[in-house]
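This is what each chain is made of:
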Amino acid sequence: MARPLELSYNWRTPVFISTVGLVVCVGIVANSGVLGWMSVAVSLFAMWAAFMVVVWLRTRAYMGFDGPLLTVRRYRHFSTVDGRTVTAVKEFLTPNGPCYRLFTAADGGSVRRHYVPAALLRTGHSTLFQWLLTWAPRASLDRGSLRTIDTLRTRGLLE
């Protein structure tokens, strides 16, 4: 059974503050009695709903390890990666920090890409790279991934 990592993203504070802000703004607009206040209130609610979708998508991050198998989820679907099939690791930046794409060799010579949301998970980077160094030592790493490994080793988070 895969051991999932804990989320590092605090979703409660943004949800609470934005909900209180929505209620206050809608209350002010409704009490103003200005013509068209209802359309402003609907617009505020639509912006709040869009923000809630972003928060919800961030809370969907999942990464679990079970020996050579890594299970990840970006938004909806889980995908399982066998560490022995990882051929390359590429880093890309997100607003929360660096995340990674793992490229694996699939049947028939095709290449599959897996998104790893390491920035949204507590100990995500150190756990991912410890797993990669253990189960995919021959995978090619890009410059950002090599820099992350050096940083983790300097901080004592990686052996």
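Bear in mind the structure is a predicted one, so any value in this text is a computation, not a measurement.

Calculation rules
- Residues numbered from 1 in each chain as written.
- Predicted model: local features only at pLDDT ≥ 70, side-chain atom pairs only at ≥ 80, totals over all residues.
- Heavy atoms only, no water.
- Helix = DSSP H or I, 4+ residues; strand = E, 2+ residues; numbered from the N terminus.
- Rg over C-alpha atoms; globule rule 2.2 N^0.38 Å.
- Buried < 20%, exposed > 50% of the residue type's maximum accessible area, 1.4 Å probe, protein only.
- Lys, Arg positive; Asp, Glu negative; His and termini not counted.
- Charge placed at Lys NZ, Arg CZ, Asp CG, Glu CD.
- Axes fitted to C-alpha atoms, helices over the stretch in contact; angles between N-to-C directions.
- Parallel < 35°, antiparallel > 145°, perpendicular 65-115°, else oblique.
- Contact = heavy atoms within 4.5 Å.
- Nonpolar A, V, L, I, M, F, W, Y, C, P; charged D, E, K, R; others polar.
- Domains from an automatic or database assignment.

### Let's talk about the overall build of the chain
Okay, so step 1: Summing up its helical and strand segments, the chain has four helices and eight strands in all.
Okay, so step 2: For the chain, the succession of helices and strands along the chain, N to C, is β-α-α-β-β-β-β-β-β-α-β-α.
Okay, so step 3: The C-alpha atoms of the chain give a radius of gyration of 21 Å, which is well past the 15 Å a tight globule of 159 residues would have.
Okay, so step 4: With the principal axes as the frame, the chain shows a C-alpha extent of 65 × 40 × 30 Å.
Okay, so step 5: Classification of the 159 residues of the chain by burial places 35% in the buried group.
Okay, so step 6: Computed over 18 positive and 8 negative side-chain charges, the inter-centroid distance for the chain is 8 Å.

### Things to note about the packing of helix α3 (residues 124-135) against helix α4 (residues 143-154)
Okay, so step 1: Orientation of α3 relative to α4, taken along the N-to-C sense of each, is 110 degrees, at an axis distance of 10 Å. As far as their axial angle goes, α4 and α3 are roughly perpendicular. Across the interface between the two elements, His-125, Ser-126, Phe-129 and Leu-133 from α3 touch Ser-145, Thr-148, Ile-149, Leu-152 and Arg-153 from α4.
Okay, so step 2: Of the residues in the contact of α3 with α4, the class split is four nonpolar, four polar and one charged.

### Considerations on the domain arrangement of the chain
Okay, so step 1: Domain annotation for the chain reports domain 1 (9-59) and domain 2 (62-155).
Okay, so step 2: Computed from C-alpha coordinates alone, the two centres of domain 1 and domain 2 are separated by 36 Å.

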